[in-house]
Every structure is written in C-alpha cells, then in structure tokens.
Amino acid sequence: MVNVDEFIEDAKESIRDQIGDEHAIIALSGGVDSSVAATLAYEAVGEQLTPVYVDTGLMRKGETEQIAETFSFMESLRVVDAEARFFDALEGVIDPEEKRAVIGEQFIREFEREAQDTDAEYLVQGTIYPDRIESEGNIKSHHNVGGLPDVVDFEGIVEPVRDLYKDEVRDVARALGLESIIAERMPFPGPGLAVRVLGEVTPEKVQVAREACHIVEDEVEKHDPWQAFAAVIGKGTGVKGDNRVHGWIVSVRSVESRDGMTARAQELPWDTLQRIQSRITGTNENVARVVYDVTHKPPATIEYE
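Residues numbered from 1 in each chain as written. Predicted model: local features only at pLDDT ≥ 70, side-chain atom pairs only at ≥ 80, totals over all residues. Heavy atoms only, no water.

Trainee: Give me the overall build of the protein: which residues, what numbers.
Mentor: Within the protein one finds 10 helices and 9 strands. In terms of overall dimensions, the protein is globule-like: its C-alpha atoms have a radius of gyration of 19 Å, near the 19 Å expected for 305 residues. Considered along the principal axes of its C-alpha atoms, the protein spans approximately 70 × 40 × 35 Å. Taking all 305 residues of the protein together, the buried fraction comes to 55%. Looking at the protein alone, contacts between residues at least 24 apart form 76% of all its contacts between residues at least 6 apart. Accessible surface, the protein: about 13900 Å² in total, of which carbon and sulfur atoms supply 44%. Taking the average place of the 31 positive charges on the side chains of the protein and the average place of its 60 negative ones, the gap between the two points comes to 8 Å. (Helix = DSSP H or I, 4+ residues; strand = E, 2+ residues; numbered from the N terminus. Rg over C-alpha atoms; globule rule 2.2 N^0.38 Å. Buried < 20%, exposed > 50% of the residue type's maximum accessible area, 1.4 Å probe, protein only. Contact = heavy atoms within 4.5 Å. Areas by Shrake-Rupley, 256 points an atom, 1.4 Å probe, with all protein chains shown as cover. Lys, Arg positive; Asp, Glu negative; His and termini not counted. Charge placed at Lys NZ, Arg CZ, Asp CG, Glu CD.)

Here it is as structure tokens:
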C-alpha cells in the first residue's frame, strides 16, 4: 500500500514540476479519482489551475448541482453545459468502443475550448492504474486513456494518481479531507450513462438509466457494494394495467471488489431486489421488466460496455 502522506507531498511536487509557471485546467467529474487529482493540483499550483466540470447530460441524478456545491471552495470552478453537443456527437453510434472514442474526443474538445479562455497549456485528469491496464490490454478503452483522440492541443497531460488503485485513491481522498460523499462514493464510468444504455444513446434511454441507477444506489447502499447500478439493455414485452406493452428491460448489477480488476456479483436479499424492481417499473411506465445480473468479473466486465 502507498504511504499516503509521502504520496501527497510527492504528487504536489511533481505537479509543480510538470506545470511550472504555466496555467492548467483540471477535468473534474465529481468521482473520487478526478476529485483527488483536482485537489492535489489545486493545493500544488493554486491560481494557475482552473477546474472544469463538463455537464455531458450523461451524469448521475443531481450530479451537476452537487459538484457545484461540493467544490465551491475552488473559486475558479467552471460548469460547462455541453449536453446538446454530446448527444449530437453520439447520434447513430452503436459500437461500445466507438462510443468511448466519441466521448473521449468530445471531452478533449470541450477542455480545449476552456483552455483557450484561460491560456492553459496543461490538462490534469484523474486516470488511475486500472484505467491504464484495461486500455492497454484492450479490455476496454477508457475515455481518458484509450479513448483520447490522436491530436490533443495541450503541451502535456498531467495524471497525479495514474499509479494508484481505487482503494489507494480513497485513502488519499480521506487524507486530503474530502467529504465522504466524494471519498466513499461508488465508481462511475467516465463516459457516464452512455455505457449504461446498450445501443444508440438517446435522451429517453439515458433518463431511464439515470432514474434506475438512483433507485439502485439508494436501495443497495446498506449492503456496502463496491459498485451498484442499472443499465438499459434492450426492449421486451410486459403488461401495464390491462395492456400489453413493449418496454425497456433494465438490468441491475451490484458487485463486491477491492480494486475493480476482479469482482463478484453480490447475493442481494430477495426483498431488496423486489423493492428495486417495484420502484423502477412503478416510476417509469416505459420499463417492462427488471433483471438481476449474477455474472462475476471475469468473465464479464463490471460495466456493460
């Protein structure tokens, strides 16, 4: 395990060495990885850093408001409304790897636009070790690693936590005094809900996934999962009232893990699963059924795409 105090001091010194007297922006998503990277960079270079949160329209329920409140101590925080641009870029895209590439490029273009306003030469991001391993091993491309476009208009990319596992990042978050809502929160994919809707990304499917994920997190939190969420995986027949419907199938996933490299599906109580399905189908008339994923990693990945 990493020596947290030594890591924090070494990381801040490395950030100062890499950025020098230049300006940088930090890609802040609200997850623990980017939050730790942002806090380290903010403490290292202060006014030379502009934190940028991009609202892609693919985020968790209430995410944007929560980020603005939690990181209000960073006076230079910018919140960018990019929902329309992300949905336009994803129109017609079905292949999971193409989705990640499209999202990775769109993120970079958003940050380049913000960098022009601040004369930033460096981009700081929260890449961690499993991100690099999975991208380099062709398991899946992460939007901030394998999903990056070939041409990036920055002098350099700074990755303060690139050699840490998730549990080590959480240790650093606690040592930095980050709120538990950040330090202890479940992992969330960089491409957001785009990889929790199979096939084309549409506003309707994303909204179904967003509400379902919120319900799953709420119901499963007491069982202390590594990660729990819902995904829209297709359509199937169902019955609402006296009518036959052809609605969305929502798959629920809850896993236990240490670092995300391997995971085991949780054996959730039956009453918990029944409450989840009742809430999901009851709050969205277009959901026909809810299923529970019992597959471990491997052979599956944690996320669906």
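Trainee: An account of the packing of aromatic side chains is needed here, citing residue identities and associated values.
Mentor: What characterises a pair of aromatic rings is the spacing of the ring centres plus the angle enclosed by the ring planes. As enumerated under the stated definition, the model contains 6 aromatic pairs in all. Pairing phenylalanine 86 with phenylalanine 107 gives two aromatic rings, centres 5.2 Å apart and planes at 65°, and the pair type is edge-to-face. Separated by 21 residues along the polypeptide, phenylalanine 86 in helix H4 (residues 83–90) and phenylalanine 107 in helix H5 (residues 96–118) bring together distant segments of the chain. For the pair shown, phenylalanine 86 and phenylalanine 107 are each scored as buried. When the ring of tyrosine 129 is compared with that of tyrosine 165, the centres are 5.3 Å apart and the planes differ by 70°; the resulting orientation is edge-to-face. Taken as a pair, tyrosine 129 in helix H6 (residues 129–136) and tyrosine 165 in the loop between strand E5 (156–158) and helix H7 (166–175) lie far apart in primary sequence, 36 residues in all. (Phe/Tyr/Trp six-rings, centres within 6.5 Å; stacked < 30°, edge-to-face > 60°.)

Trainee: Go over the packing of helix H1 (residues 4–19) against helix H2 (residues 32–45) with me, naming the residues and quoting the values.
Mentor: Packing of H1 against H2 leaves a shortest axis separation of 9 Å and a crossing angle of 65°. Classified by the angle between their axes, H1 and H2 sit roughly perpendicular to one another. Every pair of crossing elements has a handedness; the one defined by H1 and H2 is right-handed. In this structure, H1 contributes Phe7, Ile8, Ala11, Lys12, Ile15, Arg16 and Ile19 to the contact, and H2 contributes Leu40, Ala41, Glu43, Ala44 and Val45. (Axes fitted to C-alpha atoms, helices over the stretch in contact; angles between N-to-C directions. Parallel < 35°, antiparallel > 145°, perpendicular 65-115°, else oblique. Left-handed = near helix turned anticlockwise from the far one by under 90°.)

Trainee: Which residues make up a negative patch on the surface, and what are the values?
Mentor: Taken together, Asp21, Glu22, Asp119, Glu121, Asp153 and Glu155 make up a surface patch of like negative charges. Structurally, the position occupied by aspartate 21 is in the loop between H1 and strand E1 (23–27). Aspartate 21 gets classed as exposed once you look at its relative accessible area, which sits at 79%. (Patch = residues over 30% accessible without salt bridge, like charges linked within 9 Å, V, L, I, M, F, W, Y side chains within 5 Å. Salt bridge = Lys/Arg side-chain N within 4 Å of Asp/Glu carboxyl O.)

Trainee: Tell me what's going on with the pattern of salt bridges, and back it up with residues and numbers.
Mentor: Under the defined criterion, the tally for this structure stands at 25 salt bridges. Across the pair arginine 109 and glutamate 112 runs a salt bridge whose closest N-O atoms are separated by 2.9 Å. Of this pair, arginine 109 and glutamate 112 both sit in helix H5, 3 residues apart, roughly one helical turn. A cluster of three or more residues bridged by salt bridges with shared partners is formed by Asp218, Glu219, Asp271, Arg275 and Arg279.

Trainee: Requested: an account of the nonpolar core, with residues and values cited.
Mentor: Residues Val36, Leu40, Phe111, Val124 and Ile280 are the most contacted members of the largest nonpolar core, which totals 87 residues. Look past the residues within four positions of valine 36 in its chain and what remains in contact with it is Val161, Val169, Val172, Ala173, Leu176 and Leu178. (Core = buried A, V, L, I, M, F, W, Y, C linked by side-chain atoms within 4.5 Å.)

Trainee: Go over the sheet that holds strand E3 (residues 78–81) with me, naming the residues and quoting the values.
Mentor: Pairing is parallel in the open sheet, where 5 strands are placed in the order E3-E2-E1-E4-E5. At either margin of the open sheet sits one strand with a lone partner, and together these are E3 and E5. Pairwise comparison of adjacent strand axes, ignoring direction, gives a mean angle of 30° for this sheet. Sheet analysis places E1 next to strand E2 (residues 49–55), joined by 4 bridges and oriented parallel. Its bridge partner being in E2, alanine 24 is matched across the sheet by leucine 49. (Pairing = 2+ DSSP bridges.)

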